[in-house]
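Residues per chain, in single letters:
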Amino acid sequence: MARQLQNVLLADQPVADRLGRPLQTLRISVLDRCNFRCGYCMPEDALSGRQPFVPRRHWLSDCDLERVVRACVTLGVGKIRITGGEPLLRPGLVGLVERLAAIDGVRDIALTTNGVLLPQFAELLAGAGLNRITVSLDSLDPEVFHRMNGGKSSVAQVLHGIAAALQAGFDSLKINTVVERGVNDHTVMDLLSHFRGSGHAVRLIEFMDVGHSNRWSPDQVVPSREWVQRIHRRWPIEALEEPPLGRVARRYKYCDGAGEIGFISSISEPFCGGCDRARITADGRLYTCLFATRGHALAPLLQETGSAQALEARIGELWSRRGDRYSEQRHALGLIDTDDAEPKSQRVEMYRIGG
Ligand code: SAM
Ligand code: SF4
Ligand code: SF4
């Protein structure tokens, strides 16, 4: 039955990977710099003493990013997410969004941001054709939040950013909350209470072992099922039906009509089977998995002489060779910390690949 369903879903897809998964979503990390220093992503001390960022001269230009997106659209991509680092720090981001939103076949273009610069950009982004915004906010407790972002920002600033997005017409935001046991888990229920009934869906994200700087350990992960039970006791919730492909969050609705809540459970309930996402870094490396150790450089194909067909063929070839299912493998092996399975030190950092 599952295979029949998959065959139906794949019938119109130009390319599928070795596990039959189509390419439908592209996440673009437009730069790897950030005005925050979240401990789970870009801890300050992990950056010192080296050049951790891609030099700006190596960033793909807007024109080259547009060429990559056009190639991906031909291969089946309809959804784009702009991320980073902090994407709103990229000079000219509004123009880039406008270019990408105008591409025939791009059905949905979304942005993930820490929210602080939204008062400056929300209205311009709406005008440029951005469809959706996700704002990351880990706690409403001022001290906890300040500590988690490395002392760079305040809850008030992020709430101000959210208000600016609403003002600009982005009415149902997603709020991403990474939960770290012993760090912000005691503030999660308050955060949920704040956003219940607001039209914004909070997504609780299990702290992931992406990259190698964040000193991840399994004890810091709060499995989503703990939250489901806890939330259900306070505000009954009910699971929503999900499409098999492209699903990231497991979605629930509050039974009293106060909206939705999502759980991104990459550690405890991996979802590789429906993973339809390719990722590209600011310097044009294509990654077929968040936990990959190797990206594929597209820059050589973007030289003046490079044709659109060659680019499309290369991306198509990379996708059709893909067999990634890192989270599922770790889960199946019961290998919670995967140091033995793959050298962590070679994994791409979250702030470079963009989540
Ligand atoms: N700077 C933007 C932001 O924070 O929204 C966009 C880039 S950030 C890398 C994208 C998302 O990844 C954010 O929602 C962030 O909370 C999440 N993230 C970063 N590191 C993570 C980790 N180790 N585990 C789980 N989620 C993480
Ligand atoms: Fe910056 Fe986002 Fe990473 Fe925090 S999670 S350090 S805001 S890129
Ligand atoms: Fe996709 Fe890799 Fe994450 Fe699995 S581990 S869902 S293949 S990005």
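This report concerns the structure included in the present document. Bear in mind that the values here come from a model prediction, so they are computed numbers and not experimental data. (Residues numbered from 1 in each chain as written. Chains lettered and ligands numbered in written order. Predicted model: local features only at pLDDT ≥ 70, side-chain atom pairs only at ≥ 80, totals over all residues. Heavy atoms only, no water.)

**Here we look at the sheet that holds strand 6 (residues 201-206)**
Line of reasoning, step 1. A sheet is described by the order of its strands in space; here 12 strands give the open sequence 7-8-9-6-5-4-3-2-1-10-11-12, paired in mixed fashion. Since the sheet does not close on itself, it has two edges, and those belong to strand 7 (237-239) and strand 12 (296-297), each with one partner.
Line of reasoning, step 2. Across four bridges, the pairing between strand 8 (residues 250-254) and strand 9 (residues 260-264) is antiparallel. In the sheet register, Y252 faces strand 9, and the bridge partner there is I261. (Pairing = 2+ DSSP bridges. Helix = DSSP H or I, 4+ residues; strand = E, 2+ residues; numbered from the N terminus.)

**Quick word on the nonpolar core**
Line of reasoning, step 1. Counting residues in hydrophobic clusters, the biggest one holds 109 residues, and the most contacted among them are I28, L192, I231 and I315.
Line of reasoning, step 2. The element best represented in this core is helix 3 (residues 62-74), accounting for six residues.
Line of reasoning, step 3. Each residue touching I315, except ones within four places of it in the same chain, is listed here: L23, V68, A71, C72, L75, L286 and L298. (Core = buried A, V, L, I, M, F, W, Y, C linked by side-chain atoms within 4.5 Å. Buried < 20%, exposed > 50% of the residue type's maximum accessible area, 1.4 Å probe, protein only. Contact = heavy atoms within 4.5 Å.)

**Some points on the site of ligand 3**
Line of reasoning, step 1. All residues adjacent to ligand 3 are F271, C272, C275, R279, C289, L290, F291, R322, D324, Y326 and S327.
Line of reasoning, step 2. For the shell around ligand 3, the class distribution of residues is seven nonpolar, one polar and three charged. (Near = heavy atom within 4 Å. Nonpolar A, V, L, I, M, F, W, Y, C, P; charged D, E, K, R; others polar.)

**What to know about the state of the cysteines**
Line of reasoning, step 1. Summed over all chains, the structure comprises zero disulfides.
Line of reasoning, step 2. Of all cysteine sulfurs in the structure, the one in C275 sits closest to C72, which takes part in no disulfide; the separation is 14 Å.
Line of reasoning, step 3. For C72, a relative accessible area of 1% gives the class buried. (Disulfide = S-S within 2.5 Å.)

**Remarks on the side chain of E206**
Line of reasoning, step 1. By secondary structure assignment, the location of E206 is in strand 6.
Line of reasoning, step 2. Of the side chains with opposite charge, R225 lies nearest to the buried E206, which makes no salt bridge, at 6.2 Å.
Line of reasoning, step 3. A distance of 2.9 Å separates the side chain of E206 from the backbone nitrogen of S224, its partner in a polar contact.
Line of reasoning, step 4. From its side chain, E206 meets the backbone nitrogen of I267 in a polar contact 2.9 Å long.
Line of reasoning, step 5. Once residues within four sequence positions are removed from consideration, E206 is found in contact with V221, V222, P223, S224, I264, S265, S266, I267 and S268. (Lys, Arg positive; Asp, Glu negative; His and termini not counted. Salt bridge = Lys/Arg side-chain N within 4 Å of Asp/Glu carboxyl O. Polar contact = N/O pair within 3.5 Å; in protein donor to acceptor, adjacent residues only side chain to side chain.)

**Focus on the site of ligand 1**
Line of reasoning, step 1. Around ligand 1, 19 residues are found, and the nearest of them are Y40, G85, S136, N176 and M208.
Line of reasoning, step 2. Between ligand 1 and N214, the relevant distance is 3.4 Å, taken from a nitrogen atom to a side-chain nitrogen or oxygen of the residue.
Line of reasoning, step 3. Elements with a minimum of two residues in the shell around ligand 1: strand 3 (108-113), strand 5 (174-179) and strand 6.
Line of reasoning, step 4. Among the residues making up the shell around ligand 1, the classes are represented as seven nonpolar, 10 polar and two charged.

**Let's talk about helix 8 (residues 188-195)**
Line of reasoning, step 1. By the burial criterion, the buried members of helix 8 are V188, M189, L191, L192 and F195. Relative to the axis of helix 8, the buried residues are bounded by an arc of 160° and lie together on one face.
Line of reasoning, step 2. Just downstream of helix 8 lies G197, where phi reads positive at about 80°. (Arc of directions from axis to C-beta.)

**Description of the packing of aromatic side chains**
Line of reasoning, step 1. Going through the model one piece at a time under the given rule, you end up with five aromatic pairs.
Line of reasoning, step 2. Seen in terms of ring centroids, F36 and F145 are 6.2 Å apart; in terms of plane orientation they differ by 70°. Their pairing is edge-to-face. Placement of the pair is F36 in the loop between strand 1 (25-29) and helix 2 (44-47) and F145 in helix 6 (residues 142-148), with a sequence separation of 109 residues. Accessibility assignment for this pair places F36 and F145 in one class, buried.
Line of reasoning, step 3. Between F291 and Y326, the aromatic rings sit 4.2 Å apart at their centres with planes inclined by 20°, giving stacked as the arrangement. Taken together, the positions of F291 in the loop between strand 11 (285-287) and strand 12 and Y326 in helix 11 (residues 326-333) put the pair 35 residues apart, joining distant regions of the chain.
Line of reasoning, step 4. On the accessibility criterion, F291 (3% relative accessible area) is buried.
Line of reasoning, step 5. The class of Y326 is buried, set by a relative accessible area of 9%. (Phe/Tyr/Trp six-rings, centres within 6.5 Å; stacked < 30°, edge-to-face > 60°.)

**A look at helix 3**
Line of reasoning, step 1. For helix 3, spanning 13 residues, the distance from its first C-alpha to its last is 18 Å, which sits close to the expected 18 Å at 1.5 Å a residue.
Line of reasoning, step 2. Within the span of helix 3, buried status applies to D62, D64, L65, E66, V68, V69, A71, C72 and V73.
Line of reasoning, step 3. Elements that come into contact with the buried residues of helix 3 comprise strand 1, strand 2 (79-83), helix 4 (93-101), strand 10 (277-280) and helix 10 (308-320). (Expected span 1.5 Å × (residues − 1).)

**A few points about unusual backbone geometry**
For residues other than glycine, phi is negative in most cases, and the peptide bonds are mostly trans.
Line of reasoning, step 1. Positive phi outside glycine occurs at R215, with the angle close to 50°.
Line of reasoning, step 2. Structurally, the position occupied by R215 is in the loop between strand 6 and helix 9 (224-234).

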